[in-house]
Amino acid sequence: MFDLLIKGGTLPDGTCADIGIMGDRITAIGRLPNAAAQILDATGDLVSPPFVDPHFHMDATLSYGTPRLNASGTLIEGITLWGELRDIASIDDMVARALEYCDWAVSMGLLAIRTHVDTTPDHLRGVEAMLEVKRLTAPYLDLQLVAFPQDGFYRTKTGRENLIRALDMGVDVVGGIPHFERTMADGAASVAELAQIAADRGLMLDLHCDETDDPLSRHVEVLANAVQRLGLGGRAAGSHLTSMHSMDNYYVSKLLPLIAESGMTAIANPLINITLQGRHDSYPKRRGLTRVKEMQAHGITVGWGQDCVLDPWYSLGTADMLDVAFMGLHVAQMTAPQDMARCFDMVTTQNAKIMNLSDYGLHVGAVASLVVLDAGGPVEALRLRPDRLAVVSKGKVVASRQRNDARLALAGRPASVRRRHATGLI
Ligand code: FE2
């Protein structure tokens, strides 16, 4: 007798299985008897581990147009605009916006988010607000907070001190922005000190690193070296890494093995990188996405992050990680069947690995969190970005939606665009 039984779904690897849940754990997978307090029929639907977003800015989300629009659409104007907003936004404002976003996320099956929290202002209201959001959403959402010195760790007078204060308040991960420091030397020094702080405190490390088109912005090299020296491995991540798009190929041939040996992970943010990078170019115009396939070929774990939704940097977004993977697939030209499947894996399993989530996945003993999608498999899910029919978090159904079975009145046929690949590819 299970508390909850997910019946007849198709798992991402193509196998069909029932999933039995007791309390907050998956206790059985396979062909299971219909003995449960609650049964969800997922016959023909994709049942996936929940979506995971390893890079977001929840203190700024859903603030689009406040106090004004980003007229140029650039990264720099976005930072200036955020600098105005963060000093007028109250804790209540930020909590309300973040909680609304969390509702969107849950409805999309997105159940774990790593969010960077700006530690620049001395009032640290954003940190207080995000700690409150983490507490309120803990029953159904895994939220990791990164202490993020948006205006620089050394570049501002209290950048270093405020980051330490945020960590003391309970923020989980050490952040940084080396390419935004005043000099390359300061950037490199900030990477070294931030990595040391993470090592000393036993915390994870995730730096905004080389989010620029400058091919000589090489802080990722310093980061990988520090991660290797301090033994941080997969507890460290480099976010954005867009300068790698523009780097000299010979240099990259030396860099990729170093990143791989360090064990650090990488996060690309395709929706944002495609819109913010290359703004100084005429034509040819660089698109700024880091070298995703090349890193994966070296065994480096790479994830897709959302970064922004309706904020000073990005005027769109829906909290749907399938939108993120869909854009990443196109920009990174990951159109081979195995690459498309990997794009789905990146917004689920690979992102969970980057966030060091424990007991994640669809296996006996895992936390009972999953999403039922109106699609036959991962590639079809990417093509359709379909309805999330049910979302289960820690053993409880937290969102559900009726299947769209609209029919063409004239022919009586299903009006859905859902069609399986004739090759059996899902
Ligand atoms: Fe970011």
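Before any of the text, the structure's been laid out above.
The rules behind each value
Numbers given for residues are sequential positions, taken from 1 along each chain in its written order. Local features in a predicted model are, by the rule used here, given only for residues with pLDDT of at least 70; side-chain atom pairs are given and counted only at 80 or more, and totals for whole chains, interfaces and linings are based on all residues. To get the side-chain values, all heavy atoms of the structure are used, and hydrogens and water are removed first. By definition here, a salt bridge exists when the distance from a side-chain nitrogen of Lys or Arg to a carboxyl oxygen of Asp or Glu is within 4 Å. Each helix is a run of H or I in the DSSP string that is no shorter than four residues. Each strand is a run of E no shorter than two, and both are numbered from the N terminus. A 1.4 Å probe rolled over the protein chains alone gives each residue an accessible area, and that area as a share of the maximum for its type sets the label: buried under 20%, exposed over 50%, partly exposed in between. Angles shown run from 0 to 180 degrees and are taken between the N-to-C directions of axes, each axis being a line fitted to C-alpha atoms and, for helices, limited to the stretch in contact. Roughly parallel covers angles under 35 degrees, roughly antiparallel covers those over 145, roughly perpendicular covers 65 to 115, and oblique covers all other angles. Crossing handedness is defined as follows: a turn of the near helix away from the far one that is anticlockwise and smaller than a right angle gives a left-handed crossing, while the clockwise case is right-handed. Contact definition: two residues touch when any of their heavy atoms are within 4.5 Å. Classes in brief: Ala, Val, Leu, Ile, Met, Phe, Trp, Tyr, Cys and Pro nonpolar; Asp, Glu, Lys and Arg charged; the others, Gly included, polar. Note that a disulfide, as used here, is simply two cysteine sulfur atoms within 2.5 Å. In these notes, a set of buried Ala, Val, Leu, Ile, Met, Phe, Trp, Tyr and Cys residues joined through side-chain atoms within 4.5 Å is what counts as a nonpolar core. Domain extents, as shown, originate in an automatic or database domain assignment. Here the coordinating atoms are restricted to nitrogen, oxygen and sulfur within 2.8 Å of the metal centre, or 3.2 Å for Na, K and Ca, and because water is not among them the sites may look incomplete. For a four-donor site, all angles between 85 and 135 degrees give tetrahedral; for four or six donors, opposite pairs above 155 degrees with the remaining angles between 65 and 115 give square planar or octahedral; all remaining cases count as irregular.

Thoughts on the pattern of salt bridges
A pair can form between side chains of opposite charge whenever their charged atoms are brought close. If you walk through the whole model with that rule in mind, you get 20 salt bridges. Asp-206 is the salt-bridge partner of Arg-114, the closest N and O atoms lying 2.8 Å from each other. Of this pair, Arg-114 sits in strand β7 (residues 110-118) while Asp-206 sits in strand β10 (residues 204-209), placing them 92 residues apart in sequence. The exposure classification of Arg-114 matches that of Asp-206, with both residues buried. Salt bridges sharing common partners tie together Asp-24, Arg-25 and Asp-359.

Thoughts on the packing of helix α4 (residues 159-169) against helix α5 (residues 184-201)
Running from N to C, α4 and α5 cross one another at 20°; their axes reach a closest spacing of 13 Å. As far as their axial angle goes, α5 and α4 are roughly parallel. Both α4 and α5 take part in a crossing whose hand is right-handed. Each of Arg-160, Leu-163, Ile-164, Leu-167 and Asp-168 in α4 lies in contact with α5, whose residues at this interface are Glu-193, Leu-194, Ile-197 and Arg-201. Among the residues making up the contact of α4 with α5, the classes are represented as five nonpolar, no polar and four charged.

With respect to the state of the cysteines
In total, this model carries zero disulfides according to the counting rule given. Note on Cys-308: no disulfide assigned, nearest cysteine sulfur contributed by Cys-102 at a separation of 16 Å. On the basis of relative accessible area, Cys-308 is assigned to the buried category, the value being 2%.

Side note on the nonpolar core
In this structure, Met-58, Tyr-101, Leu-205 and Trp-304 are the most contacted members of the largest nonpolar core, which totals 103 residues. Among the elements that make up this core, the one with the highest residue count is helix α2 (residues 91-107) (seven residues). Counting contributing residues, this core receives three or more from each of domain 1 (2-49 + 361-423) and domain 2 (51-354). In terms of nonpolar packing, the next biggest core, distinct from the first, is built from 18 residues, Leu-11, Ala-17, Ala-368 and Leu-389 among them.

Structural notes on the coordination of the iron ion
Within the protein, the atoms that donate to the iron ion are His-55 (NE2), His-57 (NE2), His-208 (NE2) and Asp-307 (OD), at distances of 2.1 to 2.5 Å. Seen from the iron ion, its four donor atoms lie at angles of 85 to 176°, and the figure they make is irregular. Counting the intervening residues between successive donors of the iron ion yields the motif H-x1-H-x150-H-x98-D. Note that His-57 is positioned in the loop between β6 (51-56) and α1 (75-85) and Asp-307 in the loop between β13 (302-304) and α11 (321-331), a separation of 250 residues in sequence. Classification of Asp-307 by relative accessible area gives buried; the value is 3%.

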